[in-house]
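# A structural walkthrough
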Amino acid sequence: MAFEITKELIENVAILIENRNDKGLSSLFSEMHYADIAEVLEEISFDEAVYIIKLLDSETTSDILIELHEDVREKIFDQLTAKEIAEEVEELDSDDAADIIGELSEERQEAVMSQIEDEEHVKEIEELLTYAENSAGSLMAKELVKVNLNWTLAECVEEIREQAENVDRVYSVYVVDNKNRLKGIVALKSIILSPATTKVEAIYNPDIQEVTTYTPGEEVAQMMNKYGLVALPVVDALGRLMGRITIDDVVEFIKDEADRDYQLLSGIS
């Protein structure tokens, strides 16, 4: 059943907040998808939205914040400390984290980044912020699963288990050489069904679509649509695997471009 915001729901949220019934609020929102919660936050008062963001755990609110309209998100961030924003950013994939950080002033960026404990995450965000806006580099996430061409499938399974902990959805297992150059993909089914001593080079598929970090977002969207892709690897000028773009990244890009075109046609700056 599709989620629907009702007057009764909004009134219930307001009453729970007024009574500081945190347990009731947590119970109410625990049954909702984060996208639905974001929709609720955009219907209630600003102070109420901030109250809920501070109440719920960062794992939940980080996803909610990504779904919010940029203007609403900006106002909420104005009410959060650098440490609180950092806690949200730490829960996000690198591409979403970079989007959040990129919306902040330079001074606030430095303050937030200094509060992020995961140094590798900081490096990934800093790298993504260097790419031109709306390029494949700016759209990609650093989180992915890759294996070496020379590994046995037994080694692959161990590596995949470890790497997959940081990846929400494993669409593809990429194959690279010793210099991290993308060589192709290998199907999970092939890894499972083949003997453990088999080398990756014996079963991988070298026929793969890819884009470079400077490929325009429009071309990325066209390619994923043409070939029906749910994920697309991104390489640098030397062919080294840098990240991946997933279908949800492209859908969001298309939506943003459509909104921007509408604003231009309407004469809105």
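Source: prediction; values computed, not measured. (Residues numbered from 1 in each chain as written. Predicted model: local features only at pLDDT ≥ 70, side-chain atom pairs only at ≥ 80, totals over all residues. Heavy atoms only, no water.)

## Quick notes on the sheet that holds strand β6 (residues 241-246)
- Spatially, 3 strands are ordered β4-β5-β6 in an open sheet, and the strand pairing comes out mixed. With one partner strand each, in any of the chains shown, β4 (211-212) and β6 form the two edges of the open sheet.
- Along the sheet, helix α14 (residues 217-227) makes contact with β4, β5 (231-235) and β6, crossing β5 at roughly 140°. (Pairing = 2+ DSSP bridges. Helix = DSSP H or I, 4+ residues; strand = E, 2+ residues; numbered from the N terminus. Contact = heavy atoms within 4.5 Å. Axes fitted to C-alpha atoms, helices over the stretch in contact; angles between N-to-C directions.)

## Re the sheet that holds strand β3 (residues 182-186)
- If you trace the 3 strands from one edge of the open sheet to the other, you get β1-β2-β3, paired in mixed fashion. In this open sheet, the two strands that pair with only one neighbour each are β1 (146-148) and β3. Geometrically, the sheet is characterised by an average inter-axis angle of 35° between neighbouring strands, direction not taken into account.

## Regarding the side chain of Asn148
- Counting through the fold element by element, Asn148 comes out in strand β1.
- Judged by relative accessible area, which is 10%, Asn148 ranks as buried.
- Ignoring sequence-local partners within four residues, the contact set of Asn148 consists of Val176, Asp177, Asn178 and Val200. (Buried < 20%, exposed > 50% of the residue type's maximum accessible area, 1.4 Å probe, protein only.)

## Some points on the nonpolar core
- Ranked by size, the top nonpolar core spans 55 residues in total, and within it Val13, Phe29, Leu41 and Ile245 carry the most contacts.
- Ranked by the residues each element gives to this core, the list is headed by helix α4 (residues 46-55), at 5 residues.
- With residues near it in sequence (within four places) discarded, Phe29 still touches Val13, Ile37, Val40, Ile52 and Leu56.
- Val175, Val186, Ile191 and Val200 belong to the second largest nonpolar core, which has 12 residues in total. (Core = buried A, V, L, I, M, F, W, Y, C linked by side-chain atoms within 4.5 Å.)

## Points about the pairing of β6
- Judged by how many residues are buried, β6 sits mostly within the fold: 6 of 6 residues are covered.
- Taking the residues between adjacent antiparallel strands as the criterion, β5 and β6 are bridged by 5 residues, where Gly239 takes a positive phi near 85°.

## Quick look at the layout of surface pockets
- In this structure, the second largest pocket encloses a volume near 160 Å³.
- Lining the second largest pocket are 13 residues, and of these Ser172, Ile185, Ile208, Leu229 and Ala231 lie nearest its centre.
- Sort the elements by how many residues they give to the lining of the second largest pocket and β5 lands first, with 3 residues.
- Within the lining of the second largest pocket, the residues separate by chemical class into 9 nonpolar, 3 polar and 1 charged. (1 Å grid on protein atoms, 1.4 Å probe; cavity = no way out; pocket = protein on both sides within 12 Å on 5 of 7 lines; lining within 4 Å. Points joined across faces, edges and corners; volume = space filled by probe spheres on them. Nonpolar A, V, L, I, M, F, W, Y, C, P; charged D, E, K, R; others polar.)

## Some remarks on the pattern of salt bridges
- Here the structure, examined in full by the defined rule, presents 7 salt bridges.
- Across the pair Glu117 and Lys83 runs a salt bridge, and its minimum N-O distance is 3.9 Å. Of this pair, Glu117 sits in the loop between α9 (106-113) and α10 (119-128) while Lys83 is found in helix α7 (residues 82-90), placing the two residues 34 residues apart along the sequence.
- Assessed through its relative accessible area of 63%, Glu117 is described here as exposed.
- For Lys83, a relative accessible area of 31% corresponds to the partly exposed category.
- Notably, a salt bridge pairs Asp236 with Arg240, separated by 2.6 Å at the nearest N-O pair. (Salt bridge = Lys/Arg side-chain N within 4 Å of Asp/Glu carboxyl O.)

## Regarding α14
- Where α14 is concerned, the buried positions are Gly217, Val220, Ala221 and Met224. Around the axis of α14, the buried residues are gathered within 95° of arc, so they sit on the same side. Turned more than 90 degrees from where α14 packs its buried face, Gln222 and Lys226 sit exposed.
- Trailing α14 by a residue or two, Gly228 shows a phi angle of about 60°, which is positive. (Arc of directions from axis to C-beta.)

## Some words on the side chain of Arg244
- Along the polypeptide, Arg244 turns up in strand β6.
- Although Arg244 is buried, it makes no salt bridge; Asp93 carries the closest opposite charge, 5.8 Å away.
- A polar contact of 3.1 Å, which involves the side chain of Arg244, links it to the backbone oxygen of Glu143.
- A polar contact of 3.0 Å, which involves the side chain of Arg244, links it to the backbone oxygen of Arg169. (Lys, Arg positive; Asp, Glu negative; His and termini not counted. Polar contact = N/O pair within 3.5 Å; in protein donor to acceptor, adjacent residues only side chain to side chain.)

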